[in-house]
Amino acid sequence: KELPTVLLLHQMDGHEGAWTILPLMRDLSVTYGRNSSWIFFCEEDTRIQVVKLLEILGRFDASKEWFLGKALYDEESTIIHHYAFAENPTVFKFPDFAAGWALSIPLVNKLAKKLKSEPLKSDFTIDLKHEIALYIWQKGEGPHLTLVPEFCTNDVSSYKTDHCATTFSNFLPLCGEPVKKEDVFVAVKTCQKFHGDRIPVVKQTWEREAALIEYYSDYADISIPTIDLGVPNTDRGHCGKTFAILERFLYHSSSRTPWLVVVDDDTLISIFRLRKLLSCYDPNEPVFLGERYGYGLGTGGYSYITGGGGMVFSRVAVQKLLASKCRCYSMDAPDDMVLGMCFSGLGIPITHSPLFHQARPMDYPKGYLSHQIPVSFHKHWNIDPVKVYFTWLAPNTEESLSGKKVEYNREDL
């Protein structure tokens with residue numbers, strides 16, 4: 001009879017990892033375990049018809065353990081899911097958060113009890129929706145995801161939404177005029193061994209979108225041109241190189257450039273779309289934006305922006321970071337994780353956008369990408385990166401390449 005209670009996860013005090021949801025289960029169980037039947041999770045852009053949602057939840061016996069949602073599944077096993085269910089990845093279903101998903105209170109109470117006796121073991125949170133479904137499934141002992149066709153990700157204006165209790169606004173955020181080209185400085189991390197194969201891809205695809213771009217390497221090659229930062233290349237993390245880039249941006253680039261984007265040489269990115277997205281953020285605040293991963297969040301860890309999808313900094317964020325004296329514990333430490341640790345220590349939250357991607361389009365379920373306008377993908381492994389760029393990221397899918405019209409079908413990828 002009453003309106004639902006609405007919780008905003010980022011406001012839940014004392015939980016650095018509130019966004020990973022499982023650490024909240026005990027709180028949710030204690031606070032709502034007696035007077036509620038369901039907990040329904042959704043994203044900021046999920047639109048809900050509350051009466052219809054209540055009607056649908058009413059079809060299920062709330063005294064039993066239910067895990068309800070719109071199903072996603074992997075077409076092929078993927079690194080972001082640790083190659084789970086490699087023999088047939090389509091068998092395991094996990095929820096599309098954009099459509100919303102629900103847990104019955106008996107299941108919330110069971111999960112809370114389990115988490116009390118067995119703390120979370122996983123070090124990394126990479127794809128939360130898959131990891132939560134695995135945790136609930138408990139190797140077959142817990143419930144599978146039950147499919148609810150009324151949980152939808154169709155655009156709110158679509159004619160297909162009459163039966164839907166939820167819809168999703170499928171748009172690229174735009175909060176005013178796109179940020180000017182000259183207000184975004186792009187730093188590309190590379191090294192001599194990749195000058196010949198990766199840099200030409202950048203030049204064929206998204207370099208033209210960037211007004212200010214520099215390539216940072218372990219070798220100065222005037223044909224590109226690259227800048228030797230005096231930091232040797234390392235096989236693992238690139239913390240030393242990234243901090244050298246941050247210092248160069250702060251002390252040697254135009255002091256008026258408010259935004260810095262740091263990408264790998266095998267990152268495919270739409271600067272055109274990023275400029276629209278950045279209209280939603282205030283460069284006078286410390287902003288650190290990209291795809292969020294977590295490390296040790298069940299046990300006092302931190303969130304970080306994963307580097308391959310692109311890391312976006314406001315100049316103020318770089319100033320605060322470098323003023324803090326937080327630095328690499330070794331030159332080959334993972335730069336993205338060290339940055340996450342530093343910003344966490346400074347009390348600066350990282351800002352997640354699902355439009356940045358650490359992996360390739362085929363590493364994500366088609367259903368998940370179908371309601372996205374992506375900003376980036378990462379890696380050239382076993383793909384044609386130029387084709388991926390023009391299919392997914394170019395300002396227009398019909399782009400002129402070598403004077404010819406090219407049009408690619410996403411289904412082919």
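Residues numbered from 1 in each chain as written. Predicted model: local features only at pLDDT ≥ 70, side-chain atom pairs only at ≥ 80, totals over all residues. Heavy atoms only, no water.

With that settled, the discussion passes to the sheet that holds strand β13 (residues 259-264). Sheets are built from strands that pair by backbone hydrogen bonding, the pairs being arranged parallel or antiparallel. A sheet is described by the order of its strands in space; here seven strands give the open sequence β12-β11-β10-β13-β18-β15-β19, paired in mixed fashion. If you trace the sheet from one side to the other, it starts and ends with β12 (226-228) and β19 (351-352), each paired once. Pairing between strand β10 (residues 184-189) and β13: six bridges, direction parallel. Within β13, the residue paired with Phe185 across the bridge is Leu260. Strands β13 and β18 (311-314) of the sheet are contacted by helix α8 (residues 315-323), whose axis makes an angle of about 85° with β18. (Pairing = 2+ DSSP bridges. Helix = DSSP H or I, 4+ residues; strand = E, 2+ residues; numbered from the N terminus. Contact = heavy atoms within 4.5 Å. Axes fitted to C-alpha atoms, helices over the stretch in contact; angles between N-to-C directions.)

What follows is about unusual backbone geometry. Note that the residue after Ile224, namely Pro225, is joined by a cis bond; omega there is -10°. In this fold, Pro225 is placed in the loop between β11 (212-217) and β12. Phi angles above zero are rare outside glycine, and Tyr83 is one such case at about 55°. For Tyr83, a relative accessible area of 42% corresponds to the partly exposed category. One non-glycine residue, Lys325, lies in positive phi territory at about 70°. Residue position: Lys325 is located in the loop between α8 and α9 (335-345). (Buried < 20%, exposed > 50% of the residue type's maximum accessible area, 1.4 Å probe, protein only.)

Relative to strand β16 (residues 292-295), strand β7 (residues 124-125) runs antiparallel, the two being bridged by two bridges. Of the residues in β16, the one forming a bridge with Thr125 is Gly294. From the end of β16 to the start of strand β17 (residues 302-305), which pair antiparallel, there are six residues, and Gly296 there has a positive phi angle of about 60°.

Our next topic: the nonpolar core. Judged by nonpolar contacts, the single largest core of 79 residues is most densely connected at Met25, Leu103, Trp206 and Leu274. The residue makeup of this core includes at least three contributed by each of domain 1 (9-168) and domain 2 (181-402). Leaving out residues up to four positions away in the same chain, Met25 has contacts with Phe41, Leu103, Val108, Leu111, Ala112 and Leu115. (Core = buried A, V, L, I, M, F, W, Y, C linked by side-chain atoms within 4.5 Å. Domains from an automatic or database assignment.)

The subject of this paragraph is the pattern of salt bridges. Applying the stated criterion across every chain, the model contains 12 salt bridges. Between Lys64 and Asp61 there is a salt bridge, and its shortest N-O distance comes to 3.1 Å. Of the residues examined, Asp61 reaches a relative accessible area of 36% and is grouped as partly exposed. Among the salt bridges present, the one from Glu118 reaches Lys114, with a minimum N-O distance of 3.0 Å. Take Lys114: its relative accessible area is 21%, and that puts it in the partly exposed class. Each of Lys189, Asp264 and Asp335 takes part in a single network of salt bridges with overlapping partners. (Salt bridge = Lys/Arg side-chain N within 4 Å of Asp/Glu carboxyl O.)

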